[in-house]
Amino acid sequence: MAWRRGDRGPEVASIRATLAGMGLLHNIDSVGLTEPETGSVLARTDAVFDADLETAVLAFQQARGLISDGIVGPSTQAALRDATYVLGTRDLSYIVSKPMAGDDVAQFQRRLGELGFYAGLVDGTFGPLTHAAATDFQRDCGLHADGVVGAETLDTLSKFSTLFKGGDVSSLVERERARTSGPMLAGKRIVLDPGPSGSENPIRIDTPLGTITDAELLWDITRRLSERMNQAGVEVFLSRPEAMIPTDPERAEIANAFNADLMISLRLDRHPNPVGNGIATFYFGNSLGAESMLGEALSGFIQREIVSRTDLRDCRTHGRSWPLLRMTRMPSIQIVLGYAYNPRDLSILGDRAAQDTIVDSILVGVKRLYLLDEDDHPTGSMSVNELIDYEQRQRD
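Residues numbered from 1 in each chain as written. Predicted model: local features only at pLDDT ≥ 70, side-chain atom pairs only at ≥ 80, totals over all residues. Heavy atoms only, no water.

Quick notes on the overall build of the protein chain
In step 1: Scanning the protein chain for helices and strands turns up 14 helices and eight strands.
In step 2: Here the protein chain, with 396 residues, has 48% of them falling under the buried criterion.
In step 3: Across the protein chain, contacts joining residues at least 24 apart in sequence account for 68% of those joining residues at least 6 apart. (Helix = DSSP H or I, 4+ residues; strand = E, 2+ residues; numbered from the N terminus. Buried < 20%, exposed > 50% of the residue type's maximum accessible area, 1.4 Å probe, protein only. Contact = heavy atoms within 4.5 Å.)

Section: the pairing of strand β8 (residues 332-339)
In step 1: Most of β8 is tucked away: eight of the eight residues are buried.
In step 2: As judged from the six bridges shared by strand β5 (residues 262-269) and β8, these two strands associate in the parallel manner. Within the sheet, the bridge partner assigned to M263 lies in β8 and is S332.
In step 3: Across four bridges, the pairing between strand β6 (residues 279-284) and β8 is antiparallel. The residue of β8 that forms the bridge with Y283 is I333. (Pairing = 2+ DSSP bridges.)

Let's talk about helix α5 (residues 128-140)
In step 1: The terminal C-alpha atoms of α5, which comprises 13 residues, lie 18 Å apart, in line with the 18 Å expected from a rise of 1.5 Å per residue.
In step 2: What α5 keeps buried is the set T130, A133, A134, T135, F137 and Q138.
In step 3: Within two residues after α5, G142 carries a phi angle of roughly 75°, on the positive side. (Expected span 1.5 Å × (residues − 1).)

Observations concerning the nonpolar core
In step 1: Of all hydrophobic cores here, the largest spans 47 residues; its most connected members are M229, I264, I335, L337, I362 and V366.
In step 2: At ten residues, the largest contribution of residues to this core is made by helix α13 (residues 352-371).
In step 3: In this structure M229 touches I190, L192, V234, V236, I264, I362, L363 and V366, once residues within four positions along its chain are discounted. (Core = buried A, V, L, I, M, F, W, Y, C linked by side-chain atoms within 4.5 Å.)

A closer look at the packing of aromatic side chains
In step 1: The final tally for this structure, using the stated rule, is four aromatic pairs.
In step 2: Taking 6.3 Å as the distance between ring centres and 5° as the angle between the ring planes, the aromatic pair formed by F108 and F126 counts as stacked. Within this pair, whereas F108 is found in helix α4 (residues 103-114), its partner F126 is found in the loop between α4 and α5, the two being separated by 18 residues in sequence. One exposure class covers both F108 and F126, and it is buried.
In step 3: Ring geometry for F282 against W322: centres 4.7 Å apart, planes inclined by 45°, an arrangement best described as tilted. Taken together, the residues F282 in strand β6 and W322 in the loop between β7 (314-320) and α11 (323-326) connect sequence positions 40 residues apart. Each of the two residues, F282 as well as W322, counts as buried.
In step 4: Above the ring of Y85, the side-chain terminus of R90 is found at 3.5 Å from the ring centroid.
In step 5: In this structure, K188 is placed above the aromatic ring of Y370, and the distance from its NZ or CZ to the ring centre is 4.5 Å. (Phe/Tyr/Trp six-rings, centres within 6.5 Å; stacked < 30°, edge-to-face > 60°. Lys NZ or Arg CZ within 6 Å of the ring centre and 35° of its normal.)

Spelled out as structure tokens, the structure:
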């Protein structure tokens, strides 16, 4: 269930209390409104989702990399629940069926990362990497190495954490993996993730070649991108068959199973306001100070290439903590190519030549990522045909 402005009840009171504890909202014992009939201040058990709470929710969503709509839906509820956990208030451990999540887990991951034990993303989820890091730390400190983070482990960790601060091991690991894999695209494994199938409320799009749905448009671009990448020697996997509609966590699991180097997801924004327009690219990043360095770099390369080669409006790149970006073990990005209800975006995306340009821009962006410091091409200048010819000559 989602909570929004105008709702009231104990659930709203709980939301108010959580946001107040984070310093985003004041006066949680009352809502600053009065009952018209009695003139009395509303009690917390009958708290109202008012304008102040909506503003606090928007600020929280923005900080957590969530869609900022002021509505407390499932994703925001989960993030609020995570925010209530403080390191030391509960024992942490790896539960395979339902991994523990929360800000306390993120704090633990960050501290282990500062000491060099944890090299994964600070995603706030106690998964197998966090369990292995906790076990290694306990073993090195002479503690019982069971991976359960209780008072003894945290007490030992705090003694080290006062001596060592800073550092981002995951970024160093990502960069080193890119460096050692070399600048060639040949041999790289990339998962392409076409957006939702569109079987539910598909949007009809008129193109020079006929009327198609938004899902068919994304599949068409994905297939052409796959073919172009294959020409450059990339091993391409699709996150799903066309008739399948997996959830974003399921898509992340599929990508992880392929042991891919990158994941690129293609979407259209389905906001009904026709004024919304433009292209934006997203990578993993959150308010806890964690981000994917290669994901951010790749999103920037691709965003700039597409904007420089097409007439799509630049909506820039953004860090988000969406499941698809957070749960993949490789750098992942999500490209929102445009708005499905904006006529101008659709006229561009429905044009074959523009689609080819977008496909080539994505391929160039990937190539730039692996060139690292050797890249001296101005944005929009790298020839894709020359790139592919070079890659093919190197393979022959």
